[in-house]
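# Understanding the architecture of this molecule
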Amino acid sequence: MNSGVWEEVGCTKLWNEWCRTADTVHLSPADAFCVFYQLKSDPSVLLCQCSCFVAEDQQYQWLEKVFGSRPRKTTKITVLTCRHVTEYKTSESVGSLPSPFLKALKTQHFRDPVCCSLLEQPNIAHGLPAAVLSYCQVWKIPAVLYLCYTDVMKLDLITVEAFKPVLSCSSLKSLAKNIPQSTDILKKLMTAEGTQSNIYT
Amino acid sequence: MASRYDRAITVFSPDGHLFQVEYAQEAVKKGSTAVGIRGTNIVVLGVEKKSVAKLQDERTVRKICALDDHVCMAFAGLTADARAVINRARVECQSHKLTVEDPVTVEYITRFIATLKQKYTQSNGRRPFGISALIVGFDDDGIPRLYQTDPSGTYHAWKANAIGRSAKTVREFLEKNYTEDAISNDNETIKLAIRALLEVVQSGGKNIDLAIIRRNQPLKMFSAKEIELQVTEIEKEKEEAEKKKSKK
């Protein structure tokens, strides 16, 4: 996000018992923020990076604050999130699933084609992504949720690459640049994370 | 439904699953990829090296271990479990040699490891070993062998196989590229193993470890330089193949 293309325009601060600090006043960005960025080249594009846990009883207020009391139906929302593949309910064995894989869930007013298959029953979306989608369904806003089922606990290159098809769908096509070095750039970003645990070899 | 039957190892679920064993197989997938190939005159084990922390001694993070002079194995999964299994197997190899005056056959030691693993799936208060192993070697009769074991205690002989993360991708590559031609020559077999790993290894040759056993010769671990040489050759061959294609 510090590539210079995005400009930070706001944040939401919230505290719940999942936060790693007991100090409710002096919250650092890592603890309890959802940060909003605006694309410098196209101010109509906003991005929200939510790296904290939004508790169920805070979700509605979060949505109201973000969308306003009467959200515009001209906005298009895309939500990206991950879950562990063992939470995917299917009659096949978990071992045979081609993880990571993408599933989509959309509101009634989302007319564009989705770039992967829809999430089948009895699987459900959880947490803030589900709240956003429900909110958009009620207020008739076109919204789509892309859920990546992955077999790792920490984000890695293979999981991030599973999201690449999302860049080809109509709402995000204009933002996506087809850079051949995208895999290398992703590798660099991912290895910056990578402290290894010694449990598995 | 699963949560009622997955606590105790000794409890079957109504549809016949042993969930702890299946969860142990998930633990195997958390380990990095290992590939084994049985050639005509050589057996090759290739592994994706785990990236070590800066202050960590690289030599102590090994996925390929010798069980005896003529048998070695690579594992994927829980490091500590692998250490326990390898220690037991090494003791068994020497004990067999002292008792019977013959070195173990590859099948014997594989069966020993598999039986050990199976015991831990049928015992109260214990959990299964969270590792799969690829065991390679030559028997006295000079025939190369490759076996794979998994946490449930089954073992099978393979011509080529992969375990760990991305094992499926590597296995599909091997199914397409394992031909009689590819394994007739020792060097080609080594290259096939490296090419299979390069499909899934993220940073190329420097994250690969390779070990080979040739008939009547001890285990040989490749140095980083030797692996780089092979990788460079493979990349050259790839470029030439692509040039030919574009000419056509």
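Below: a short report on this structure. It should be emphasised that the depicted structure is a prediction, and the values quoted were computed from it without experimental measurement.

Let's shift gears to the overall build of chain B. Each helix and strand in chain B was counted, giving seven helices and ten strands. The C-alpha atoms of chain B give 19 Å as radius of gyration, which agrees with the globular expectation for 248 residues (18 Å, within 12%). With the C-alpha coordinates of chain B rotated into their principal frame, the extents come out at 65 × 50 × 40 Å. A separation threshold of at least 6 residues defines the contact pool for chain B, and within that pool the share at least 24 residues apart is 61%. In the structure as shown, chain B presents an accessible area of about 13,000 Å², 50% of it carried by carbon and sulfur atoms.

All right, on to the packing of aromatic side chains then. For the structure on display, the rule yields ten aromatic pairs over all chains. Among the aromatic side chains, those forming a connected cluster through ring pairs are Tyr60(A), Phe67(A), Tyr135(A) and Trp139(A). Looking at Arg126(B), its charged tip hangs above the ring of Tyr120(B), at a distance of 4.4 Å from the centre. The ring of Phe222(B) carries Lys220(B) above its face, with NZ or CZ at 4.4 Å from the centroid.

Moving on: helix 7 (residues 224-247) of chain B. Taking 1.5 Å of rise per residue, the 24 residues of helix 7 of chain B would be expected to cover 34 Å, and the 35 Å separating its terminal C-alpha atoms lies within 8% of that figure. Looking at helix 7 of chain B, one finds that the buried residues are Ile227(B), Gln230(B), Val231(B) and Ile234(B).

Here we take up the sheet that holds strand 1 (residues 6-13) of chain A. Residues and elements named next belong to chain A. Spatially, the three strands line up as an open sheet ordered 1-2-3, and their pairing is antiparallel. Both outer strands of the open sheet, strand 1 and strand 3 (46-50), are each paired with one neighbouring strand and no more. Ignoring strand direction, the axes of neighbouring strands in this sheet form an average angle of 25°. Where strand 2 (residues 33-39) and strand 3 come together, five bridges link them in antiparallel fashion. When the sheet's bridge partners are listed, glutamine 38 is paired in strand 3 with leucine 46. Across the sheet, helix 2 (residues 56-67) lies against strand 1, strand 2 and strand 3, angled at about 25° from strand 2, the strand it touches most.

Cut-offs applied
For every chain, the first residue of its written sequence is number 1, and the numbers climb from 1 along that sequence. Chains and ligands are labelled sequentially in the order written, the chains with letters from A and the ligands with numbers from 1. The predicted nature of this model means local features are confined to residues of pLDDT at least 70 and side-chain atom pairs, given and counted, to a pLDDT of 80 or more, with totals for whole chains, interfaces and linings taken over all residues. Values reported for side chains reflect all heavy atoms of the structure, with hydrogen atoms and water molecules removed beforehand. Elements are defined by DSSP. Helices are runs of H or I of four residues or more, strands are runs of E of two residues or more, and each kind is numbered from the N terminus. Radius of gyration here uses only the C-alpha atoms, and the compact-globule reference equals 2.2 Å multiplied by the residue count raised to the power 0.38. It only takes one pair of heavy atoms within 4.5 Å for two residues to be counted as in contact. Only the protein chains shown count as cover for residues, and the accessible areas themselves come from Shrake-Rupley with a 1.4 Å probe. Two rings from Phe, Tyr or Trp (for Trp, the six-membered ring) form a pair when their centres are within 6.5 Å of each other. A pair whose planes differ by under 30 degrees is stacked, one over 60 is edge-to-face, and the rest are tilted. Consider the ring centre and the ring normal. A charge sits over the ring if Lys NZ or Arg CZ is within 6 Å of that centre and within 35 degrees of that normal. Expected helix span is taken as 1.5 Å per residue step, with the number of steps being one fewer than the number of residues. With a 1.4 Å probe rolled over the protein chains alone, any residue whose accessible area is under 20% of its type maximum counts as buried; one over 50% counts as exposed, and the rest are partly exposed. At least two DSSP bridges between two strands are needed for those strands to be called paired. For helices, the axis comes from a line fit to the C-alpha atoms of the stretch in contact; other axes are also lines fit to C-alpha atoms, and the angle between any two N-to-C directions lies between 0 and 180 degrees.

Interpretation in functional terms is not warranted from these geometric data alone.
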